[in-house]
Every structure is written in C-alpha cells, then in structure tokens.
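# Coordinate analysis (summary)
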Amino acid sequence: MTTVSAQRLASIFVEVADTLVEEFDLIDFLHMLTDRTADLVGAAAVGLMLADGRGSLEFMAGSDENVKLLELFQLQTREGPCLEAYRTGQPVVNVDLSAATARWPRFAPRATASGFESVHAFPLRLRAQVIGALNVFGDTKGGDFTGDDVPIVQSLADVAAIALLQERALRRGEALTDQLQGALNSRIVIEQAKGAVAYARGVSVDEAFTRIRGYARKHNRKLTEVAQAIVNDRTTPPELH
Amino acid sequence: MPDRAGVIRGLIAAQPAPTGGLVEHLSSVCRAAVQALSASGTGISVLTGDGTRGVYATSDPLSERMEELQFVLGEGPCFDAFDRRRPVLITDLAGEAMTRWPVYAPEAYANGVRAVFAFPLQIGAARLGVLDVFRDRAGSLSGHHLADALCFADVTVEALLDRQKGNAAPPDGPAPDGMTDAIGNRAQLFQAQGMVMIQIRGSITDAVARIRAYAYADNRSLGEVARDIVAGDLRFEADRP
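These figures come from a predicted structure and were not determined experimentally.

## Observations concerning the overall build of chain B
- What chain B contains, in helices and strands, is 10 helices and 5 strands.
- Relative to its full complement of 241 residues, chain B shows a buried share of 50%.

## Some thoughts on the packing of helix α8 (residues 205-218) of chain A against helix α9 (residues 223-232) of chain A
All names here are of chain A.
- Where α8 meets α9, the closest approach of the two axes is 9 Å, and the angle between their N-to-C directions is 115°. By crossing handedness, the relation of α8 to α9 is classed as right-handed. Residue-level contacts link Ile 212, Arg 213, Tyr 215 and Ala 216 of α8 to Leu 223, Val 226 and Ala 227 of α9.
- Broken down by class, the residue content of the contact of α8 with α9 amounts to 6 nonpolar, no polar and 1 charged.

## Concerning the domain arrangement of chain B
All names here are of chain B.
- By the assigned domains, chain B splits into domain 1 (4-162) and domain 2 (178-231).
- The C-alpha-based centres of domain 1 and domain 2 are spaced at 27 Å.
- At the interface, 7 residues of domain 1 touch 6 residues of domain 2.
- For the side of domain 1 that touches domain 2, the secondary-structure elements that each account for two or more residues are β5 (126-135) and α7 (143-162).
- The residue inventory of the side of domain 1 that touches domain 2, partitioned by class, reads 5 nonpolar, 1 polar and 1 charged.

## Focus: the environment of B:Leu222
All names here are of chain B.
- Along the chain, the position of Leu 222 falls in helix α10 (residues 222-231).
- With 26 C-beta atoms packed within 10 Å, Leu 222 lands in the buried category.
- For the pair Leu 222 and Arg 212, spaced 10 residues apart in sequence, the C-alpha separation works out to 6.8 Å.

## Observations regarding the sheet that holds strand β2 (residues 53-58) of chain B
Residue and element names in this part refer to chain B.
- With antiparallel pairing, 5 strands are arranged side by side in an open sheet as β2-β1-β5-β4-β3. Bordering the open sheet on either side are β2 and β3 (88-90), each of which pairs with just one other strand. Neighbouring strand axes in the sheet, compared pairwise and without regard to direction, differ in orientation by 20° on average.
- For strand β1 (residues 41-47) and β2, the ladder comprises 5 bridges, and the chain directions are antiparallel. Each bridged residue has a counterpart across the sheet, and for Val 46 the counterpart in β2 is Gly 54.
- Helix-sheet contacts for α7 involve β1, β4 (115-123) and β5, and the interaxial angle to β4 is about 45°.

## Focus on helix α8 (residues 186-200) of chain B
All names here are of chain B.
- Relative to the 21 Å expected for 15 residues at 1.5 Å per residue, α8 spans 21 Å between its end C-alpha atoms, a close match to the ideal helical length.
- Of all 15 residues making up α8, 13 are buried, and the element is well covered by its neighbours.
- Following α8 by one or two positions, Arg 201 has its phi on the positive side, about 50°.

Cut-offs applied
- Residues numbered from 1 in each chain as written.
- Chains lettered and ligands numbered in written order.
- Predicted model: local features only at pLDDT ≥ 70, side-chain atom pairs only at ≥ 80, totals over all residues.
- Helix = DSSP H or I, 4+ residues; strand = E, 2+ residues; numbered from the N terminus.
- Buried ≥ 20, exposed ≤ 12 C-beta atoms within 10 Å, placed from the backbone.
- Axes fitted to C-alpha atoms, helices over the stretch in contact; angles between N-to-C directions.
- Left-handed = near helix turned anticlockwise from the far one by under 90°.
- Contact = placed C-beta atoms within 7 Å.
- Nonpolar A, V, L, I, M, F, W, Y, C, P; charged D, E, K, R; others polar.
- Domains from an automatic or database assignment.
- Pairing = 2+ DSSP bridges.
- Expected span 1.5 Å × (residues − 1).

So this is what it looks like as structure tokens:
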C-alpha cells in the first residue's frame, strides 16, 4: 500500500462530518466508513467490531459481508488482530498471515484460506476506553502500511468512535453503554432480516443483505429501520427487487 | 475470561425456591440478581409487541410496587428501555429522571429508590420484556456489575423463551448456547431465526423459541441447528391453529 491520497482522505472526512450533523443510523455510518477505508488503502476487506457490555467483540459492519468474512470476525471473539488491538489499545499492523499461525492458530490459517495475505487492526478509542477495533485485510503480503499510513487509518478508527459519542450527545446524560448495546442489538435485527429475505426470496444471505441495503438507500431509509420492518411485518417483506 | 454466565446460573439455582414454574424460576433470578448486582431490588416485566404486559416476578414487595407503578402510570424506565431497545441507566433518580418521568420518579424516590437500571429482554427484533434493577443509593453500575446485569438479562430471555406454555421444560444444566459454541457462527444463528420466522409464519419470538426447543429435543447445539437451517437441510412447519 502506498501512502494514501490526501485529497481522498479529505473528502472522506467531509462526508463523515456531513453525516454526523444530522440524525443518522450508526450501522449505516459504520458501513460507509469501512467502504471508504477499503477504497482509501486499497484493502481487500475492512470490518469493524465493537465490544459488548461483557467485553466480548461483535462484528458490526464490513465493506463486504460475505459468509467467509463473517466467520473470520466470529473467530476474532477468541483470538486475532481485533482482539489484540482491543486489549492493548495499540494498532496491530503489517502482519503476514502466512507467518502468523503460531500467534493466531485458528484465525491465521482461515484468513489465508480466504485469500488474504496481510492483516491490520486499529483500536477504537474513546478517551481512556477502548470500545472495539477496525480490521483491515490485504491480499498482498504484509509489511505494506508505511509509517505515515498508520496514523491516517487510526484517525478513521477514531472517527468511528466519535460517531458513537455523537449519537450519545443527542441524548445527554446517558452512558455510552446504551448506544453500544443498542447498536449490537440492531446488528442482530439485520441478521434476522437477512435470513427472512433470503428464505422468502430464495436467495443467499449475502444477496439478501445487498438487497436490503439497496432498498434502504433507494428509499432513503435507515438500514436498521428497514430491517426492523422486515422482521416485525413478517407477512409482507418489502419487494426487494 | 471467567464464565460469568455459569456463575450466575449457579447463583440462581442456589436460591431457595419451589421448583417448576416460570414465575418461581424468575423470582429466583430476581433474588440472585439482587445479590450479584448489589441491588436493593429487581423486577422482571413482560412487554411484547402484541400488547401483553405486566409484572412477571420481583425480588421483594417494594420492587413489585415499583414495577406495578410503571404500568399504572404508563411511564418509567421499563417502558423507555423497551421502546428504545437499549438499556436505560439512571444513576441518580433525583436528576433528569424527575422531568423524564414526572410522576414515577418522585414516587420511586419517596420509596427509597435512588438509582434504576433497565435492561431490555430481547434478541434482535424479538422483544420479551425488561429487567429492572433498583438501588437505594445513587451511582453507576461498575463494569463487572454491568456485565453481570447483561448476563442476567440473557438468562431471563432464555427462561422466557424456553418455559413458555407448550414448550417442554429444558433439561437442567447449561443451555445449548450458540455463543459458547467454539466455532459457532452467531450471525448464522440470527439468520436462521429470520428464516424460521417465514417458514412457520409466526413472529420472530416464536421462531427463536422453536429453534431452541428443537435443539433441546434433538440434543444438539444451536450453532449446528442454525447451520442446517441456513443450508436448507432443516425446515420448520407452520403451527397448526
């Protein structure tokens, strides 16, 4: 990875600032952030995990949500770069997955089998607290983040943390915990909606997600609201193309 | 990480209570939660989308009054936690809560309640009720009390799902919990719930309960059952009227 383009970085920060001024859907926002991060650094995939109230990491959003990638995030509840970044509060960068089996005996071989060659993780920090991690997968060999890239990607992780704080600011006097738990439950609703649409339309869960997301965008609705409607109004899942 | 869920299940089982019914079981949950969370009282109320609502179990008579009062007045932390689908954590009832719940908060305060923490009982879009934790002193829940409270909420959700009318009581011992399944895929479990909801033409809550009952009856983990559902190898029939 070469040093990122300052121009593209600036446009991402403008987009982020624009999103944060109004009421926004946190999961939509995190998806946007993972998409933009993947574009910016030329990553094969980018995902984001948040810690629940029990200190366990859960997948929240990814630039890609295929089943294989979700499994890699699931594994990271036990071991892997996200867990390390979360526990230490420090970025994990330029790890060559083919040489990381001793470090992550389950995660590394699975990630390699999925076609990834390098991995990085950046802690989501909010003041003294670490609330999750941003995960970057590369399909070129490790050692590809330059010294300048690390603080830039870390700043994108910091933005994700600020988004949580921002949502909190809208409802003063309440703890970050509420937002985290709310976001984690929204993520579950999205999975339930994926299952409902996949079965009702006879498509894969990956395709179901693409349709739900596309529907939400087309109708300018929040992803979480659309998912909620699909699951609660079960007899008529919306015509998702 | 110590298995807090296991510790909490042990604490619940150690409560002196006649065995059998759901209400007795939930009363044990309430009393165990008082001990584990340094609370002055706890209550479990059932609220569902179809309008069922009421107090299910409490640790003591005062908590029962504090729960009932919310239903009488139609305001209070349990309604807010249910509506917003996230915890409501009031560390000082004498503060902003007095305007938020103008009748409930002063009444609870007059009864010695100084802090209240309400946790929604839910799995994604499946909403079952709320766990209220009362304290006779102001102050926030510590990190481990918060983690334990979330565990109590999980245990309560499982009890409500598994011991509803028509479902065979689960065997003693740990639940076939997908979250403890080493290679279990949580996302897949939630996707399976959405699929089964369409198959049985029921609510998402019915679907979650059906999958759990099937796993118990077949003595398999939720993760395995979910995998079969998502793969299309296992289908559920609609309930007969």
